[in-house]
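Breakdown of the fold
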Amino acid sequence: MSDRDAEFEAYFAARSDAMRGTAYLLCGDWHRAEDLVQQTFTKIYLAWRRIQRHGVMDSYTRQTLVRTFLSERRRGWFRHESVGSEPADWAVPSPDLPDERLVLLEALVKVPPRQRAVLVLRYWEDQSVEQTAALLDCSTGTVKSQAARGLATLRGLLEQERVR
């Protein structure tokens with residue numbers, strides 16, 4: 001095994017679970033999250049030799065993951081694969097997992113993809129407005145407006161759920 005492959009393998013082992021969690025928050029389906037992570041790390045591996053600064057790999061990987069997710073949503077091919085309106089498999093709730101978290105995850109899946117990406121990056125990944133803008137290749141104003149709209153959408157969805 002070459003040094004390049006060993007470095008990549010170590011990075012993948014260290015970061016793939018965290019990226020899978022982020023991918024799940026973006027798409028709301030564990031199988032699709034696996035696919036997104038696989039596509040992301042395939043792209044990273046193909047560019048591994050050209051990547052000069054391995055110290056910023058998390059940011060680069062997160063950016064690749066989000067762009068892969070958004071690109072997939074634009075193509076819309078997963079919508080044609082979907083059998084029902086609800087995600088096919090939700091994680092089985094554990095006794096210590098509050099119901100509110102499940103309700104929040106269900107609502108997050110219904111937020112439009114771009115807004116969802118901003119919400120996940122800003123509030124789950126704890127990225128700054130500037131870091132989120134860089135990851136999404138947009139302005140800080142766009143991040144702020146998408147975050148505001150996403151939060152408003154999420155609040156509306158949660159309010160609808162509470163009324164039920």
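Residues numbered from 1 in each chain as written. Predicted model: local features only at pLDDT ≥ 70, side-chain atom pairs only at ≥ 80, totals over all residues. Heavy atoms only, no water.

To be explicit about the condition: UniProt positions are given in the numbering used here, feature names are shortened, and annotations may be inferred rather than shown by experiment.
The name an unreviewed UniProt entry assigns to the chain is RNA polymerase sigma-70 factor (Sigma-E family), from the organism Kribbella pratensis. What UniProt states about the chain under its Sequence similarities (unreviewed entry) heading is, verbatim, "Belongs to the sigma-70 factor family. ECF subfamily."

1. Describing the overall build of the chain
Stated formally: Helical segments are the DSSP runs of H or I of at least four residues, strand segments are the runs of E of at least two, and each set is numbered from the N terminus. Note on definitions: a residue-residue contact is assigned when non-hydrogen atoms from the two residues lie within 4.5 Å. Areas reported as accessible are Shrake-Rupley estimates using a 1.4 Å probe. Residue values count occlusion only from the protein chains shown.
If you tally the helices and strands in the chain, you get 8 helices and 0 strands. Going from N to C terminus, the chain has its helices and strands arranged as α-α-α-α-α-α-α-α. Contacts spanning at least 24 positions in sequence make up 66% of the contacts within the chain whose residues lie at least 6 apart. When the accessible area of the chain is evaluated, it comes to approximately 9,900 Å², of which 52% is carbon and sulfur surface.

2. Some points on the side chain of Thr61
Structurally, Thr61 can be placed in helix H3 (residues 57-75). Aside from chain neighbours lying at most four places away, what touches Thr61 is Tyr11, Met19, Thr40, Phe41 and Ile44.

3. Here we look at the side chain of Glu125
Within the secondary structure, Glu125 sits in the loop between helix H6 (113-124) and helix H7 (129-136). If near-sequence neighbours (up to four positions away) are discounted, Glu125 is found in contact with Thr22, Arg62 and Val120.

4. Topic: helix H8 (residues 140-163)
For clarity, the cut-off: Expected helix span is given by 1.5 Å per residue-to-residue step, counting one fewer step than there are residues. Each residue is placed in one exposure class: buried if its accessible area under a 1.4 Å probe, protein chains only, is under 20% of its type's maximum, exposed if it is over 50%, and partly exposed if it falls in between.
Helix length check: H8, at 24 residues, gives a terminal C-alpha distance of 34 Å against a target of 34 Å (1.5 Å per residue), a fit within 8%. When H8 is considered as a whole, its buried residues turn out to be Val143, Gln146, Ala147, Gly150, Leu154 and Leu157.

5. Section: the pattern of salt bridges
Pairs can form between side chains of opposite charge once their charged atoms are near each other. Where we set the bar: Note on definitions: salt bridges are taken to be side-chain nitrogens of Lys or Arg within 4 Å of carboxyl oxygens of Asp or Glu.
Summed over all chains, the structure comprises 5 salt bridges. The residue Glu34 makes a salt bridge to Arg20 at a minimum N-O spacing of 2.5 Å. Placement of the pair is Glu34 in helix H2 (residues 30-47) and Arg20 in helix H1 (residues 3-27), with a sequence separation of 14 residues. Exposure remark for Arg20: the relative accessible area of 27% places this residue in the partly exposed category. The partner of Asp137 in a salt bridge is Arg67, with the nearest N and O atoms 4.0 Å apart. Of this pair, Asp137 sits in the loop between H7 and H8 while Arg67 sits in helix H3; the two residues are 70 residues apart in sequence, bridging distant segments of the chain. Relative accessible area serves as the criterion here: at 61%, Asp137 is assigned to the exposed category.

6. Regarding the packing of aromatic side chains
Each pair of aromatic rings is reported with the distance of its centres and the angle of its planes. This is how the line gets drawn: A pair of aromatic rings is counted whenever rings of Phe, Tyr or Trp (Trp by its six-membered ring) have centres within 6.5 Å, and the orientation is called stacked for planes under 30 degrees apart, edge-to-face for over 60 and tilted otherwise.
All told, the structure shown has 8 aromatic pairs when counted by the stated rule. Arranged with centres 5.3 Å apart and planes meeting at 80 degrees, the rings of Phe8 and Trp48 form a pair that is edge-to-face. Note that Phe8 is positioned in helix H1 and Trp48 in the loop between H2 and H3, a separation of 40 residues in sequence. Note on accessibility: Phe8 and Trp48 belong to one class, buried. One aromatic cluster is present, built from ring pairs that chain together Phe8, Tyr11, Phe12, Phe41, Tyr45 and Trp48.

7. What about the nonpolar core?
Selection rule: Grouping buried Ala, Val, Leu, Ile, Met, Phe, Trp, Tyr and Cys residues that are joined through side-chain atoms within 4.5 Å yields what is termed a nonpolar core. Delimitation of the domains relies on an automatic or database domain assignment.
In terms of nonpolar packing, the biggest core is built from 38 residues, with Leu26, Trp48, Val66 and Leu136 touching the most fellow members. Elements with a minimum of two residues in this core: H1, H2, H3, helix H5 (99-110), H6, H7 and H8. Of all the elements, H1 adds the most residues to this core, at 8 residues. When residues of this core are assigned to domains, at least three map to each of domain 1 (1-79) and domain 2 (97-163). Setting aside anything within four residues of it in sequence, one finds Leu136 in contact with Val66, Arg67, Leu70, Arg114, Ala117, Val118 and Leu121.

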